[in-house]
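Results of the structural survey
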Amino acid sequence: MESSNDSISALESKVIELEKRLEQSLNLKKESNNSNIPNCPICYSPVELPITINATNDKKCPFSQKNPICFLCVRKLMNGKNHITCLAGKGCCGKIVVRGWRTYGEIGRNSHDVAEPSMWKALGNNGVTICKRCNTDCGDVYELGQHVHSQCPQRKIKCKRCNKLVIANNIHSHNNNCFTRCKLCFEKICDQTTNVSVINKHYCKKLKIGTCNVCNNIITIENINTHRDCTKIDKNSQEYVFIKI
Ligand SMILES: [Zn+2]
Ligand SMILES: [Zn+2]
Ligand SMILES: [Zn+2]
Ligand SMILES: [Zn+2]
Ligand SMILES: [Zn+2]
Ligand SMILES: [Zn+2]
């Protein structure tokens, strides 16, 4: 007859076995979820923030509707170009004129919105939700879109001053070397790297506001008080008029 100790250890090993099988089936499910995500036709990885291409401002590229491309793959493809070629070639759209953010994404969206607001909201968490650049898990596709659009510390922002793309995290050091200064007084006027550029009104102390008729030197706000002496009039000067009563 089996002792109670034996039956307990038998149960225990059964529990361990069941737990193992549960974990395996969960992993399988995870993998199949990932394999449900179609591959991007440019980078061949599961598509991250899938977007469609707009052949014109009111016509979608049919190939991209069937084969969505990663948001950042399209941005890379467009970067610095006037034209891109439809990934399906002449049979589809052929040459596509690059028109900034209108070249891709939901037609008629607000320029401040993410590229595919309706599609990404509908996808929920059925897609890539982890940012490849900073490893943040955003939970769902739309949130990842917002993250990449305006929050990721690794996103690139165009410096309005030098037009170079700067990683958001490096803006501060970029501004230390890239700024506008007044050529008269050398004062730093503004940092223009970010989209929200702070333009200070500059009242220049060294700007010429006139020439002194007495000493012939230029007058600025900075030196205006030194011209006080130039206004001194002699006691016997012709400038005095004696009033007779
Ligand atoms: Zn891609
Ligand atoms: Zn096309
Ligand atoms: Zn990120
Ligand atoms: Zn710059
Ligand atoms: Zn100045
Ligand atoms: Zn003077």
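Predicted model, so just to flag it, every value in this text is computed and none were measured.

Per the secondary structure count, the protein includes six helices and twelve strands. Relative to its length of 245 residues, the protein is extended, with a C-alpha radius of gyration of 34 Å against a globular reference of 18 Å. C-alpha atoms of the protein, sized along the principal axes, occupy 140 × 65 × 35 Å. For the protein, buried positions account for 16% of its 245 residues.

With that settled, consider unusual backbone geometry. Positive phi values are uncommon outside glycine, yet Leu49 reaches one of about 55 degrees. On the secondary structure map, Leu49 appears in the loop between helix H1 (4-35) and strand E1 (50-51). What makes Leu49 buried here is the crowd of 30 C-beta atoms within 10 Å. At Asn163, a position not held by glycine, the phi torsion is positive, near 65 degrees. Mapped onto the elements of the fold, Asn163 is located in the loop between strand E7 (156-158) and strand E8 (165-167). With 7 C-beta atoms packed within 10 Å, Asn163 lands in the exposed category.

A few words on helix H5 (residues 141-151). If you check which residues of H5 are buried, you get Val141, Tyr142, Leu144, Gly145, His147 and Val148. Of the surrounding secondary structure, the elements contacted by the buried residues of H5 are helix H3 (71-78) and helix H4 (117-123).

This paragraph deals with the nonpolar core. Generally speaking, nonpolar side chains in soluble globular proteins are found buried as a group. Counting residues in each nonpolar core, the largest one holds 25 residues, and the members touching the most others are Leu49, Ile51 and Phe71. Taken together, the elements giving at least two residues each to this core come down to strand E4 (69-70), H3, H4 and H5. With four residues, H5 is the single largest residue contributor to this core. Not counting chain neighbours up to four residues away, the residues in contact with Phe71 comprise Glu48, Leu49, Ile51, Ala115 and Val148.

Across the protein, the average pLDDT comes to 87, with 90% of residues at 70 or higher. For the protein, per-element mean pLDDT is lowest for strand E10 (residues 188-190), which scores 75, and highest for E1, which scores 97.

A word on the environment of Val214. Structurally, the position occupied by Val214 is in the loop between strand E11 (210-211) and strand E12 (218-219). Spatially, the C-alpha atoms of Val214 and Thr231 are 7.9 Å apart, while their sequence positions differ by 17 residues.

Attention shifts here to the environment of Arg109. Residue placement: Arg109 occurs in the loop between strand E6 (95-97) and H4. Look at Arg109 and you get partly exposed, because 15 C-beta atoms sit within 10 Å. Separated by 23 residues in the primary sequence, Arg109 and Cys86 place their C-alpha atoms 22 Å from one another.

What counts as what
- Residues numbered from 1 in each chain as written.
- Chains lettered and ligands numbered in written order.
- Predicted model: local features only at pLDDT ≥ 70, side-chain atom pairs only at ≥ 80, totals over all residues.
- Helix = DSSP H or I, 4+ residues; strand = E, 2+ residues; numbered from the N terminus.
- Rg over C-alpha atoms; globule rule 2.2 N^0.38 Å.
- Buried ≥ 20, exposed ≤ 12 C-beta atoms within 10 Å, placed from the backbone.
- Contact = placed C-beta atoms within 7 Å.
- Core = buried A, V, L, I, M, F, W, Y, C linked by C-beta atoms within 7 Å.
- pLDDT = per-residue confidence, 0-100.

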